[in-house]
Amino acid sequence: MAELTEPTESTEPTESTGLTGLVADVLQVAPAEVTDDTGPATSAAWTSLRHVQIVARVEQTYGVKLTAREVRGCRTVRALRGVLAEKREAP
């Protein structure tokens, strides 16, 4: 699986890098606090509003469009990485 550290556009804040940095920025936590298991079940900062904000930033930053099913399924950073990997591999 390809490493997802480089966005397709440069809309991500300079103090953050990659998906972990993006999530940390939206959640307003330090990047070191974000792991692949970070999600609403493990972080009080990941609220339903923040989930929508994360999805919007992922779509904007990586130039992808997530389906409603994908949005509902992306409940951790690991799940977001998986969806992004699938989107990059799709023709």
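Residues numbered from 1 in each chain as written. Predicted model: local features only at pLDDT ≥ 70, side-chain atom pairs only at ≥ 80, totals over all residues. Heavy atoms only, no water.

Draft legend 1. Highlighting the packing of helix H1 (residues 18-27) against helix H2 (residues 48-62). Running from N to C, H1 and H2 cross one another at 140 degrees; their axes reach a closest spacing of 10 Å. By the angle between their directions, the pair H1 and H2 is classed as oblique. Taken as a pair, H1 and H2 cross one another with a handedness that is right-handed. Every residue of H2 that contacts H1 at Gly 18, Leu 19, Leu 22, Val 23, Asp 25, Val 26 and Leu 27 is listed here: Arg 50, Gln 53, Ile 54, Arg 57, Val 58, Thr 61 and Tyr 62. Tallied by class, residues from the contact of H1 with H2 come to eight nonpolar, three polar and three charged. (Axes fitted to C-alpha atoms, helices over the stretch in contact; angles between N-to-C directions. Helix = DSSP H or I, 4+ residues; strand = E, 2+ residues; numbered from the N terminus. Parallel < 35°, antiparallel > 145°, perpendicular 65-115°, else oblique. Left-handed = near helix turned anticlockwise from the far one by under 90°. Contact = heavy atoms within 4.5 Å. Nonpolar A, V, L, I, M, F, W, Y, C, P; charged D, E, K, R; others polar.)

Draft legend 2. Region of interest: the confidence of the model for the protein chain. Averaged over all residues, the pLDDT of the protein chain equals 85, while 80% of them reach at least 70. Contacts for the low-pLDDT stretch residues 1-16, under 50 throughout, to residues beyond four places or in other chains number 37 contacts. (pLDDT = per-residue confidence, 0-100.)

Draft legend 3. Region of the structure containing the side chain of Glu 59. With respect to the helices, strands and loops of the structure, Glu 59 is situated in helix H2. A relative accessible area of 17% places Glu 59 in the buried class. When sequence neighbours within four positions are dropped, the list of residues in contact with Glu 59 reads Val 64, Lys 65 and Leu 66. (Buried < 20%, exposed > 50% of the residue type's maximum accessible area, 1.4 Å probe, protein only.)

Draft legend 4. Examining the environment of Val 71 more closely. On the secondary structure map, Val 71 appears in helix H3 (residues 68-73). For Val 71 and Ile 54, which are 17 residues apart along the polypeptide, the C-alpha to C-alpha distance reads 9.8 Å. With residues up to four places along the chain from it excluded, the contact list for Val 71 reads His 51, Val 55 and Leu 66.

Draft legend 5. Region of the structure containing the environment of Pro 40. Mapped onto the elements, Pro 40 comes out in the loop between H1 and H2. Residues Pro 40 and Thr 76 lie 36 residues apart in sequence; the distance between their C-alpha atoms is 7.5 Å. Aside from chain neighbours lying at most four places away, what touches Pro 40 is Trp 46 and Arg 75.

Draft legend 6. Representation of the nonpolar core. Counting 19 residues, the largest nonpolar core has Leu 19, Val 23, Ile 54, Val 58 and Leu 80 as the members making the most contacts within it. The leading source of residues in this core is H1, at six residues. Excluding residues that lie within four positions of it along the chain, Val 23 makes contacts with Val 34, Trp 46, Ile 54, Val 77 and Leu 80. (Core = buried A, V, L, I, M, F, W, Y, C linked by side-chain atoms within 4.5 Å.)

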